[in-house]
Amino acid sequence: MNFARLVFIVAAKDLRAELRTKEAVNAALAFALVILLLFSFAFDPSAETTRDIAGGLLWIVFAFAGVLVLNRSFARELANDCLDALIAAPVPAAALFLGKVLANYFLVLAVELVSLPVFGVFYNVPWTSRFWQLMLVVALGTWGLAVIGTVFSALTVNIRLREVMLPLLIYPIMIPALMGAMQLTSDLVVGKPIGPENVAWLKMLAGFDVIYTAVSLLLVETVLVG
Amino acid sequence: MSAVEVEGVWKFYGDFPALRDVRLEAGAGSCLALIGRNGAGKTTLLRIMAGFSRPGRGQVRIFGSPPRETSTRRRMGFIGHGIAVYDELSALENLTLFGRLYGLPDPRRSALEWLERTGLARVRDGLVREFSRGMRQRLAVARAFLHDPGVLLLDEPFTALDDRAIAVLQRLLAEALAAGKTIVMSTHQLREALELASHVALLNRGQVAFHGPRTPEMAADPGLVYARYGEGG
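Residues numbered from 1 in each chain as written. Chains lettered and ligands numbered in written order. Predicted model: local features only at pLDDT ≥ 70, side-chain atom pairs only at ≥ 80, totals over all residues.

Scanning chain A from terminus to terminus reveals 8 helices and 0 strands. Across chain A, helices and strands are ordered from the amino to the carboxyl terminus as α-α-α-α-α-α-α-α. The principal-axis extent of the C-alpha atoms belonging to chain A is close to 55 × 35 × 30 Å. Restricting to contacts in chain A with at least 6 residues of sequence separation, those with at least 24 account for 85%. (Helix = DSSP H or I, 4+ residues; strand = E, 2+ residues; numbered from the N terminus. Contact = placed C-beta atoms within 7 Å.)

See below:
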């Protein structure tokens, strides 16, 4: 069967299951909003400080909230031994993996897209001035997070302390992508466009996504079956 | 060509050999009952046959091909310890999902047909998390049979089934054998298994202690294989 169709079937299954329970999305969204709120009350940042920390703050919130979604990705398959049924099906491991990445991507992206306006209101930042460039950075950064998070979610699914292990494993690997996303986001929310000065970060972010997607696709059969 | 061939399979957990040079085969249309005490290696062997785990040494062939090949997986059905269906989806959504993953020409029609055969048509739109244990088990049976597999690998299929689910499963297994399908099942329920089995393999601490045709004496006295070939035999 068509590879893309299998990817879509797996992604649709995960999205439908998540939207029925909303377990991960609700937790991630609540976490993101509470952190944004707490930071705004705790530090009452000036406009200048906000400009400096915007990228870092947003991507730390996105990364931590995203892990709550990513932790559920393969953990959902543990109930009733559903992972066995997926592995037994004639679906290439790469299609199974990409389907899960796609579902996680949309879920994390949804959390981010709700968090951004809240950030704009609480911190009084006109974050929409470079909207489409910011969306490009958010899309690329989120893809990297979804890929790394999904592959490590598969790797840690049978570990008892997987909720702790997943962030410990993915954040060090995510550092290059997070640095690029933070730097670009900081520039874009204050209206500085992507140009010769910062385009290298965008290239690194895109390169990170391409490399880790390719490596994950090569390794996923081994990760799932051993 | 045998439908299932296990050739010199070893499996290690750390230094512990869970399977030691296991050699078995099941011909097309036969039913192999895999028996043995807890920890003998039955589940490990079935999981390797199903392609969920790789052997340390040796190989498994299903219709002459490795179990991880896509074309081979299309011809295998598996029932494990879990029901392997999603609590958050309805019975119909679950079976349609697996029908799509197996590339069935009309997944919804096949799903409806199997819901009918397993007595779940009335609750087809109900979420699995709201089902009784027996209904969940019948749905698991429907999932395993949905794509008309040539080889059925069943790990303790009768354990914890209610009367109705046992009757459904026994009927479907008898029909599958009559249609020339191959069944390999691990079980502690010797009486049910030996009624159906054409061959028996006894695993003892990861090794095959006996492998041969099921005789009328075995069917009459299910403990006979253990008594002759088991640890106490």
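Residues and elements named next belong to chain B. A sheet is described by the order of its strands in space; here 6 strands give the open sequence β5-β6-β7-β3-β8-β9, paired in mixed fashion. Lying at the two open borders of the sheet, with one neighbouring strand each, are β5 (76-79) and β9 (207-213). The mean inter-strand angle of the sheet, taken between neighbouring strand axes irrespective of direction, is 15°. For strand β6 (residues 151-155) and strand β7 (residues 182-186), the ladder comprises 5 bridges, and the chain directions are parallel. Within the sheet, the bridge partner assigned to L154 lies in β7 and is M185. Sheet strands in contact with helix α5 (residues 133-145) are β5 and β6, and its direction is about 165° off that of β5. (Pairing = 2+ DSSP bridges. Axes fitted to C-alpha atoms, helices over the stretch in contact; angles between N-to-C directions.)

Judged by nonpolar contacts, the single largest core of 150 residues is most densely connected at B:A33, B:M49, B:L139, B:V141, B:L153 and B:V184. A total of 15 residues in this core trace back to one element, the largest contributor, which is helix α5 (residues 93-123) of chain A. When sequence neighbours within four positions are dropped, the list of residues in contact with B:M49 reads B:V4, B:V6, B:V60, B:P67, B:L153 and B:V184. (Core = buried A, V, L, I, M, F, W, Y, C linked by C-beta atoms within 7 Å. Buried ≥ 20, exposed ≤ 12 C-beta atoms within 10 Å, placed from the backbone.)

All right, on to the interface of chain B and chain A then. The interface is formed by 28 residues belonging to chain B together with 21 residues belonging to chain A. Every element with two or more residues in the side of chain B that touches chain A is listed here: α2 (70-73), β5 and α3 (91-101) of chain B. Tallying contributions element by element places α3(B) first for the side of chain B that touches chain A, with 4 residues. Taken together, the residues that form the side of chain B that touches chain A break down as 13 nonpolar, 7 polar and 8 charged. (Nonpolar A, V, L, I, M, F, W, Y, C, P; charged D, E, K, R; others polar.)

Further remarks concern the environment of A:V164. Relative to the assigned elements, A:V164 resides in helix α7 (residues 162-189). Judged by the 12 C-beta atoms lying within 10 Å of it, A:V164 falls in the exposed class.

Once that is clear, we can look at the sheet that holds strand β1 (residues 4-13) of chain B. All names here are of chain B. Overall, antiparallel pairing links the 3 strands, which are arranged β2-β1-β4 in an open sheet. Taken across any chain shown, the strands that pair with only one partner, and hence form the sheet edges, are β2 (16-26) and β4 (57-62). Averaged over all pairs of adjacent strands, the angle between strand axes in this sheet comes to 20°, irrespective of strand direction. Relative to β4, β1 runs antiparallel, the two sharing 5 bridges. Looking at the pairing, E5 lines up with R61 of β4.

Next up on the list: unusual backbone geometry. Residue and element names in this part refer to chain A. Despite not being glycine, K22 has its phi angle at roughly 55°, a positive value. Residue placement: K22 occurs in the loop between α1 (3-21) and α2 (23-43). When the 11 C-beta atoms within 10 Å are taken as the criterion, K22 is described as exposed.

Turning our attention to the packing of α3(B) against helix α4 (residues 107-117) of chain B. All names here are of chain B. Their axes nearest at 8 Å, the elements α3 and α4 cross at an angle of 130°. When the interaxial angle is binned, α3 and α4 end up oblique. The interaxial crossing formed by α3 with α4 has right-handed handedness. Of the residues in α4, those touching α3 at A91, L92, L95, T96, G99 and R100 are P107, R108, S110, A111, W114 and L115. (Parallel < 35°, antiparallel > 145°, perpendicular 65-115°, else oblique. Left-handed = near helix turned anticlockwise from the far one by under 90°.)

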